[in-house]
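Overview (structure and organization)
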Amino acid sequence: METFEAFILGLIQGLTEFLPVSSSGHITIASTLFGIQDPDTILPFTVVVHVATVLSTIIILWKEIVWIFKGLFNFKDQRSSYEGSFHFLNDQQNYVANIIISMIPIGIIGLCFKDYVEAAFSGVMVVSICLLITALLLTFSYFAKPRQREHITIKDSFIIGLAQACACLPGLSRSGSTIATGLILGDNKQKLAQFSFLMVIPPILGEALLDVIKIMKNGVDVAFNGIPTSSLIVGFISAFIFGCIACKLMINLVKNSKLIYFAIYCAIVGLAFLIYSLM
């Protein structure tokens, strides 16, 4: 992997992790165009850029994270203002509880079916079909106009978690699936975007840990064959910088209901690469 390729792949990961266009799908397409198709070669790079996007999430949503930790261990004030929440917990504890509940589906998929999903669902054709599904989901959420609730409920957290689990398929956007699902359920736009980005931190770190274990089993020398340290550093910096930009941008786009443009984009890219895969 050349330095320029690492920069472009990092840029793609940083932008598409937050924009509703599927990071895994775009990484698959870009890697194919660069001729990098060996999953064991791209795996260490994927771990590095995923950690970079987690860091960018923490930087952009730092105020929300501080707010969560300020009340997380406060066991004196146990009053919640959330509808459909655990009333014996305060707002911050309920927020963390919702994140944990949202992690249940993806946790089951990741621990029990990760290797099967990666083996069964791969390639440009799968990505193309899933991008078209993402386009349909974003379009439906754009035209659906339910009454907005102020807070995300326990039930909604689990349903949004199911959407995140489905998005383990390459091409089905994780942010697009979770945000679109929340919009259809009637959750507050801005709070939904923040929740969507915070809820993804534990699964990404968990997935990165599983990938590191896989790398160690393969042998570090073998796993990093073909990936210079300079490429990993460039990829990390690129993913972090563009991740910060995309995270901030996406929160504003969700608030202003402009996801329909990403639906059009996903439809165009999905159709283009579906035709490409059939040629």
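Up top is the structure.
So, a few notes on the structure that sits alongside this text. (Residues numbered from 1 in each chain as written. Predicted model: local features only at pLDDT ≥ 70, side-chain atom pairs only at ≥ 80, totals over all residues. Heavy atoms only, no water.)

**Details of the overall build of the protein chain**
Tallying secondary structure elements over the protein chain gives 14 helices and zero strands in all. Going from N to C terminus, the protein chain has its helices and strands arranged as α-α-α-α-α-α-α-α-α-α-α-α-α-α. Within the protein chain, buried positions represent 49% of all 279 residues. Carbon together with sulfur atoms contributes 71% to the accessible area of the protein chain, which is approximately 13500 Å² in total. (Helix = DSSP H or I, 4+ residues; strand = E, 2+ residues; numbered from the N terminus. Buried < 20%, exposed > 50% of the residue type's maximum accessible area, 1.4 Å probe, protein only. Areas by Shrake-Rupley, 256 points an atom, 1.4 Å probe, with all protein chains shown as cover.)

**Observations regarding the side chain of T57**
Here T57 lies in helix α3 (residues 39-60). On the basis of relative accessible area, T57 is assigned to the buried category, the value being 2%. At 2.9 Å, the side chain of T57 and the backbone oxygen of T53 are in polar contact. The residues touching T57, leaving out its near neighbours within four places in the chain, are F18, F197 and I201. (Polar contact = N/O pair within 3.5 Å; in protein donor to acceptor, adjacent residues only side chain to side chain. Contact = heavy atoms within 4.5 Å.)

**Digging into helix α5 (residues 91-112)**
Given 3.6 residues per helical turn, the α-helix brings residues three or four places apart onto the same face. The first and last C-alpha atoms of α5 sit 32 Å apart over 22 residues, in line with the 32 Å expected at 1.5 Å per residue. Considering bend angle alone, the principal kink of α5 is centred on I104 and spans about 40 degrees; proline P105 follows within four residues of it. Along α5, the positions that sit buried rather than exposed are D91, Q92, Q93, N94, Y95, A97, N98, I99, I101, S102, P105 and I106. (Expected span 1.5 Å × (residues − 1). Bend = angle between axes of the 7 residues up to and from the residue.)

**Re the pattern of salt bridges**
Once their charged atoms are close, side chains differing in charge can pair, the charge on each being opposite to the other. A full pass over the atoms with the stated rule returns one salt bridge. For R174, the salt bridge goes to E17, with nearest N and O atoms at 3.9 Å. With R174 in helix α9 (residues 174-185) and E17 in the loop between α1 (3-16) and α2 (23-34), the pair connects residues that are 157 residues apart, well separated along the chain. Considered together, R174 and E17 belong to a single accessibility category, that of buried residues. (Salt bridge = Lys/Arg side-chain N within 4 Å of Asp/Glu carboxyl O.)

**Things to note about the packing of helix α8 (residues 154-166) against α9**
Interhelical geometry of α8 versus α9 gives an angle of 150 degrees and a closest axis separation of 8 Å. Crossing angle aside, the handedness with which α8 passes α9 is right-handed. Facing D156, I159, I160, A163 and Q164 of α8, the residues of α9 in contact are R174, S177, T178, T181, G182 and L185. When grouped by side-chain class, the residues that make up the contact of α8 with α9 number four nonpolar, five polar and two charged. (Axes fitted to C-alpha atoms, helices over the stretch in contact; angles between N-to-C directions. Left-handed = near helix turned anticlockwise from the far one by under 90°. Nonpolar A, V, L, I, M, F, W, Y, C, P; charged D, E, K, R; others polar.)

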